[in-house]
Amino acid sequence: HPTHFAMIPFVLEVLHDGRVLTRWMEKGDWPEFRFYTRDPSGKMEELAHLGSNASRGPWWGHYGLHVDGDGNALIAGGPTQVVECHRPDGQRLWRAERKPEGGPDSAWLAGPHAVTRDSRGFVWVADTDANRIVCLSPEGKMLFSYGHFGGLDSRDGESFCMPCGITTVVDGAGQEWLYVAD
């Protein structure tokens with residue numbers, strides 16, 4: 001929308017019923033981080049509200065979306081530092097987030113900007129602001145992270161410099177691969 005300079009739709013996904021899912025921001029909505037679906041007739045409905053990104057400013061709106069095989073929407077909200085899984089009707093199934101008290105239910109996420117799910121149900125997150133990849137269980141529990149900051153000359157196989165995309169692909173031989181755009 002030309003009057004909303006801060007609304008930059010970085011990515012969108014299509015739900016199995018044909019609705020488009022993306023972040024949308026109405027005038028006065030900043031700093032809230034809301035995601036809406038739009039059906040072919042143009043009707044919009046809020047699917048998820050991940051919280052506020054007030055600490056980053058209105059221009060900081062990178063996020064990741066992925067619709068899994070069951071039609072559930074995975075949303076990685078970069079500035080909100082959370083990853084959520086929602087059913088197509090908007091019901092939140094789980095939320096992975098950094099909790100101030102820490103503990104086993106805390107997922108230390110610095111800025112998740114991309115998300116995907118593999119064939120076994122594991123969720124993979126490009127945690128851009130931490131220069132690493134995070135693996136969550138199918139239920140959203142943090143399992144492990146991989147990587148650290150590195151530049152062009154880093155050749156250790158573990159270095160990232162703001163990974164911003166992630167997906168899984170099964171090749172012709174049935175081997176599944178994790179691809180990271182870095």
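Basis of the calculations
- Residues numbered from 1 in each chain as written.
- Predicted model: local features only at pLDDT ≥ 70, side-chain atom pairs only at ≥ 80, totals over all residues.
- Heavy atoms only, no water.
- Helix = DSSP H or I, 4+ residues; strand = E, 2+ residues; numbered from the N terminus.
- Buried < 20%, exposed > 50% of the residue type's maximum accessible area, 1.4 Å probe, protein only.
- Areas by Shrake-Rupley, 256 points an atom, 1.4 Å probe, with all protein chains shown as cover.
- Pairing = 2+ DSSP bridges.
- Phe/Tyr/Trp six-rings, centres within 6.5 Å; stacked < 30°, edge-to-face > 60°.

Chemist: What exactly am I supposed to notice about the overall build of the protein chain here?
Modeler: Across its full length, the protein chain carries zero helices and 16 strands. A buried classification covers 46% of the 182 residues belonging to the protein chain. As presented, the protein chain carries roughly 9,500 Å² of accessible surface, and 55% of it is formed by carbon and sulfur atoms.

Chemist: Explanation requested: the sheet that holds strand E4 (residues 44-52) in the structure shown.
Modeler: Note: strands within a sheet are paired through backbone hydrogen bonds, in either parallel or antiparallel orientation. As summarised here, the arrangement of the four strands in space is E1-E2-E3-E4, forming an open sheet in which the pairing is antiparallel. With one partner strand each, in any of the chains shown, strand E1 (13-14) and E4 form the two edges of the open sheet. By the bridge criterion, four bridges tie strand E2 (residues 20-23) to strand E3 (residues 32-38) in an arrangement that is antiparallel. Bridge assignment links Arg23 to a residue of E3, and that residue is Phe35.

Chemist: Would you explain the packing of aromatic side chains in this entry?
Modeler: Each aromatic ring pair is described using two quantities: the centre-to-centre distance and the angle formed by the ring planes. In total, this model carries five aromatic pairs according to the counting rule given. Each ring, one from Phe35 and one from Tyr63, has its centre 5.1 Å from the other, and the planes form 80 degrees; the classification is edge-to-face. You can see Phe35 sitting in strand E3 and its partner Tyr63 sitting in strand E5 (residues 63-67), a full 28 residues away along the chain. A relative accessible area of 3% means that Tyr63 is categorised as buried. Ring centres 6.3 Å apart and planes at 75 degrees place the aromatic pair Tyr146 and Phe160 in the edge-to-face group.

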